[in-house]
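Given next are the chains, with one letter for each unit.
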Amino acid sequence: MTIQRTFSILKPDATARNITGKINAKIEHAGLKIVAQKKLMLTLEQAQGFYAVHKERAFFNDLCSFMISGPVVVQVLEGENAVEKYRTLMGSTNPTNAEEGTIRKEFAESIEANTVHGSDSLENAAIEISYFFSSLEIVG
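This section reports on the structure supplied with the text. It should be emphasised that the depicted structure is a prediction, and the values quoted were computed from it without experimental measurement.

Our next topic: the environment of Ile138. Mapped onto the fold, Ile138 is located in the segment after helix H7 (122-132). Along the primary structure Ile138 and Lys26 are separated by 112 residues, whereas in three dimensions their C-alpha atoms are 20 Å apart. Excluding its chain neighbours within four sequence positions, the residues that come into contact with Ile138 are Arg5, Val35, Ala36, Val76, Ile129 and Phe133.

Right under this line is the structure:
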């Protein structure tokens, strides 16, 4: 059994529609524990820094603009194989391609407003978690 931590963002489309509780219920039902959580209004600089890996991509500016368009909920999730489990639970980036029962199939409005972000590896999870949380804020 490998207990891991991963990072999650409930994006502005989720907070605007007041569905963060429904999403978190799916996360917890899947066996992941929310061990840190806070609601933030990202600055442009924070969004650009967080998504810097995509800086050269055509969608970078639109992504950053979207991420500062409303509050987000940043979270640390913990559980067995948390990175893979959460990636599977989120579903495909494009909700029309997402499998039934996934967060994006159920809640995402479009490929741009796709409701959630999740780390794609343990290494990126550690980087993303530390971008928003100190170790004192994570309570297992």
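Computed from the structure, the largest pocket encloses a volume of approximately 750 Å³. Considering the residues around the largest pocket, the lining is formed by 26 residues, among which Tyr51, His54, Phe59, Leu63 and His117 are closest to the centre. When contributions to the lining of the largest pocket are tallied by element, the ones reaching two or more residues are helix H3 (44-50), helix H4 (60-67), strand E4 (116-118) and H7. Across the lining of the largest pocket, the residue classes tally to eleven nonpolar, seven polar and eight charged.

Positive phi, close to 55 degrees, is recorded for Asn18, a residue that is not glycine. In this structure, Asn18 sits in the loop between helix H1 (12-16) and helix H2 (20-29). A relative accessible area of 66% means that Asn18 is categorised as exposed. You will see that Asn81, though not glycine, has its phi angle at about 50 degrees, which is positive. Counting through the fold element by element, Asn81 comes out in the loop between strand E3 (72-80) and helix H5 (82-90). Judged by its relative accessible area of 32%, Asn81 falls in the partly exposed class.

Bringing the pattern of salt bridges into the picture now. Per the stated rule, a full pass over the model turns up five salt bridges. Here Arg5 makes a salt bridge to Glu78, at a shortest N to O gap of 2.8 Å. Of this pair, Arg5 sits in strand E1 (residues 3-10) while Glu78 sits in strand E3, and the two are 73 residues apart along the sequence. Looking at Glu78, the relative accessible area reads 17%, which means it is buried.

Counting buried positions over the nine residues of E3 gives eight, a clear majority of the element. Here E1 runs beside E3; their pairing, made up of eight bridges, is antiparallel. In the strand pairing of E3, Arg5 is matched with Glu78.

Moving on, we get to H4. Taken as a whole, H4 has its buried residues at Phe60, Leu63, Cys64, Phe66 and Met67. Within H4, the buried residues cover an arc of 160 degrees as seen down the axis, which keeps them to one side. With respect to the buried face of H4, the exposed residues turned more than 90 degrees away are Asn61 and Asp62. For H4, the secondary structure elements touched by its buried residues are E1, H1, H3 and E3.

Moving on, we come to the nonpolar core. With 21 residues, the main nonpolar core has Phe7, Ile9, Met67 and Phe133 as its most contacted residues. Of all the secondary-structure elements, those providing two or more residues to this core are E1, strand E2 (33-40), H3, H4, E3 and H7. Ranked by residue count, the leading element in this core is H4, at five residues. In this structure, Ile9 is in contact with Phe50, Tyr51, Met67, Val72, Val73, Val74, Thr115, Val116 and His117, ignoring residues within four places of it in sequence. With 15 residues, the next largest nonpolar core counts Ile19, Val73, Leu77 and Ile103 among its residues.

Rules of the game
- Residues numbered from 1 in each chain as written.
- Predicted model: local features only at pLDDT ≥ 70, side-chain atom pairs only at ≥ 80, totals over all residues.
- Heavy atoms only, no water.
- Helix = DSSP H or I, 4+ residues; strand = E, 2+ residues; numbered from the N terminus.
- Contact = heavy atoms within 4.5 Å.
- 1 Å grid on protein atoms, 1.4 Å probe; cavity = no way out; pocket = protein on both sides within 12 Å on 5 of 7 lines; lining within 4 Å.
- Points joined across faces, edges and corners; volume = space filled by probe spheres on them.
- Nonpolar A, V, L, I, M, F, W, Y, C, P; charged D, E, K, R; others polar.
- Buried < 20%, exposed > 50% of the residue type's maximum accessible area, 1.4 Å probe, protein only.
- Salt bridge = Lys/Arg side-chain N within 4 Å of Asp/Glu carboxyl O.
- Pairing = 2+ DSSP bridges.
- Arc of directions from axis to C-beta.
- Core = buried A, V, L, I, M, F, W, Y, C linked by side-chain atoms within 4.5 Å.

Just distances and angles here, no functional claims.
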